[in-house]
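Survey of secondary and tertiary structure
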Amino acid sequence: MPTYRHPGTVITDHSFRVPLDHADPAGERIEVYGREVVAAGRERESLPWLLFLQGGPGGRSPRPVGRDSWLDRALDDYRVLLLDQRGTGRSTPVDRHTLPERGGAAAQAGYLAHFRADSIVRDCELIRRELLGEGGRWSLLGQSYGGFCTLTYLSYAPDGIREAFVTGGLPGLRSTPEAVYRAAYPRVQRKVEAHYARYPDDVDTVRALVRHLREQEVRLPGGGLLTAEAFQALGIMLGTGSGSHTLHYLLEDSVLRGGRLSDPFLAQVEGHLSFAGRPLYAVLHESIYGQRSASPRGTGWAAQSVRAEFPRFDADRALADGLPVLLTGEMIYPWMFATDPALAPLDEVADLLAQRGDWPDLYDPAQLARNEVPVAAAVYHDDMYVDADDSLATARAVRGLRTWVTNEYEHDGLRVSGGRVLDRLIRLVRGEL
């Protein structure tokens, strides 16, 4: 196990072999990577473990340099494991190059069915036993989708958990995919309207850009097609603390010269829109809401099907009516698999997953109702990505869960707060607040 040092930390690499299908433990195995981080000088101490579950789906764990962000607070009390969930980072990769090696689209979809929270939790349990022993318990910190995984963990393997912290990631336990997006579109509209109120000149800039994209075919440097709908997807950045400002500065660089958009502008847009670095986010996104009890017919491209109920997101109508063009948020649409070269080979696979109707339930409300694990959760009042009403309903359904509801931070509060969010949750669990 390679060990090295960063400022104030000692880091050890771990690699674990886990079954692809936990129902077939003797079958194919894949690799899952974890990065152990401990405060310098404390590496030989018997510290409790804290497992960090990253947002996503399909997001690799942070790559810290020293005691970054929330890690600074965590290392005061814990030995931290930053897990690259299966298919991400240094774990056995999943992308447009590796998936075709599995066979046809049906075989690829069957393979990807093993990459949801239920399989991630079973990976964690094998890793826990290897690192802590059979009776060892560790603490969990779940950010965003990592919080979804934490609720799955509390549902099906609570005996392995000492305490749990969730930031911006309490899911609706039985929310249908359609209900998730019916709640999401109005939240996104409010964020876009707030952005335009902050930067009024951006209204005309966006209208001009969308009109240009309707009249001209525009290709990104990597070959992707920048359509008006793809441009609208830049609204995803409005759910972070600095997202509105980042979007404004991006739009500042969009000046048309000679009827063309500049390469520097298009390169920035590609950096925000391409799924080359996180294909699982697109391919599996709606499947995180798939449960037999809530969506027996499958997720069915819910974001796309529900969008028609919100005509204000129709860019052509907005142009015709002289209205601001609304941007979209954390929605995955089927056309993305045609415009993004990183997703194009996965088009049929994604459609098969969208039609799949036998997803196992990810949460056990009965188990959560009798939960005995101390849990604290930060619920961001204005969260664009995770519905606060769903989060609070889930909080009430989990026995003993304590919440901190705040509008001081956006969805990325854990990352930007310098450890204050985590410190608040630790104090909540310990009964100090």
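Our structure's up above, just so we're on the same page.
Residues numbered from 1 in each chain as written. Predicted model: local features only at pLDDT ≥ 70, side-chain atom pairs only at ≥ 80, totals over all residues. Heavy atoms only, no water.

1. Remarks on the pattern of salt bridges
What the rule picks out here adds up to 27 salt bridges. For Asp 13, the salt bridge goes to Arg 90, with nearest N and O atoms at 3.5 Å. Remark: Arg 90 occurs in the loop between strand S5 (79-84) and helix H2 (105-112) and Asp 13 occurs in strand S2 (residues 9-19); sequence separation between them is 77 residues. Arg 174 is the partner of Asp 361 in a salt bridge, and the nearest nitrogen-oxygen pair spans 3.4 Å. Of this pair, Asp 361 sits in the loop between helix H14 (347-355) and helix H15 (365-369) while Arg 174 sits in the loop between strand S7 (161-167) and helix H5 (177-198), and the two are 187 residues apart along the sequence. Accessibility expressed as a relative area gives 33% for Arg 174, which makes it partly exposed. In this structure, a network of salt bridges that share partners links the residues Arg 73, Asp 77, Asp 423, Arg 427 and Arg 430. (Salt bridge = Lys/Arg side-chain N within 4 Å of Asp/Glu carboxyl O. Helix = DSSP H or I, 4+ residues; strand = E, 2+ residues; numbered from the N terminus. Buried < 20%, exposed > 50% of the residue type's maximum accessible area, 1.4 Å probe, protein only.)

2. Concerning the side chain of Thr 406
Mapping Thr 406 onto the fold places it in strand S9 (residues 401-406). For Thr 406, a relative accessible area of 8% translates into the label buried. Polar contacts involving the side chain of Thr 406 include one to the main-chain amide nitrogen of Glu 408, which spans 2.9 Å. When neighbours within four sequence positions are excluded, Thr 406 is seen to be in contact with Val 379, Tyr 380 and His 381. (Polar contact = N/O pair within 3.5 Å; in protein donor to acceptor, adjacent residues only side chain to side chain. Contact = heavy atoms within 4.5 Å.)

3. Description of the packing of aromatic side chains
By the definition in use, this model includes eleven aromatic pairs. Judged by centre distance (5.1 Å) and plane angle (65°), the rings of Tyr 185 and Phe 313 are edge-to-face. Remark: Phe 313 occurs in the loop between helix H11 (302-307) and helix H12 (315-321) and Tyr 185 occurs in helix H5; sequence separation between them is 128 residues. Like Phe 313, Tyr 185 is buried. Each member of the aromatic cluster is reached from another via a ring pair, and the members are Tyr 145, Phe 148, Tyr 181 and Tyr 289. (Phe/Tyr/Trp six-rings, centres within 6.5 Å; stacked < 30°, edge-to-face > 60°.)

4. Some words on the nonpolar core
Core analysis: the biggest nonpolar cluster contains 114 residues, and Leu 112, Tyr 181, Leu 226, Phe 231 and Phe 337 have the highest contact counts within it. Tallying contributions element by element places H5 first for this core, with seven residues. When sequence neighbours within four positions are dropped, the list of residues in contact with Tyr 181 reads His 285, Glu 286, Tyr 289, Ala 302, Ala 303, Val 306, Phe 310, Glu 330 and Met 331. With 25 residues, the next largest nonpolar core counts Leu 50, Leu 82, Trp 404 and Leu 428 among its residues. (Core = buried A, V, L, I, M, F, W, Y, C linked by side-chain atoms within 4.5 Å.)

5. Regarding the pairing of strand S8 (residues 375-380)
Burial analysis of S8 places six of its six residues in the buried class, the great majority of the element. Where S7 lies against S8, four bridges are found, and the strand directions are parallel. Residue pairing for S8: Val 166 is matched across the bridge by Ala 377. Relative to S9, S8 is paired through six bridges, and the arrangement is parallel. Each bridged residue has a counterpart across the sheet, and for Ala 377 the counterpart in S9 is Thr 403. (Pairing = 2+ DSSP bridges.)

6. Regarding the packing of helix H1 (residues 69-77) against helix H18 (residues 420-429)
Here H1 crosses H18 at 35°, and the two axes come no closer than 7 Å. The segment H1 lies against H18, with Trp 70, Arg 73, Ala 74 and Asp 77 engaging Leu 422, Asp 423 and Ile 426. (Axes fitted to C-alpha atoms, helices over the stretch in contact; angles between N-to-C directions.)

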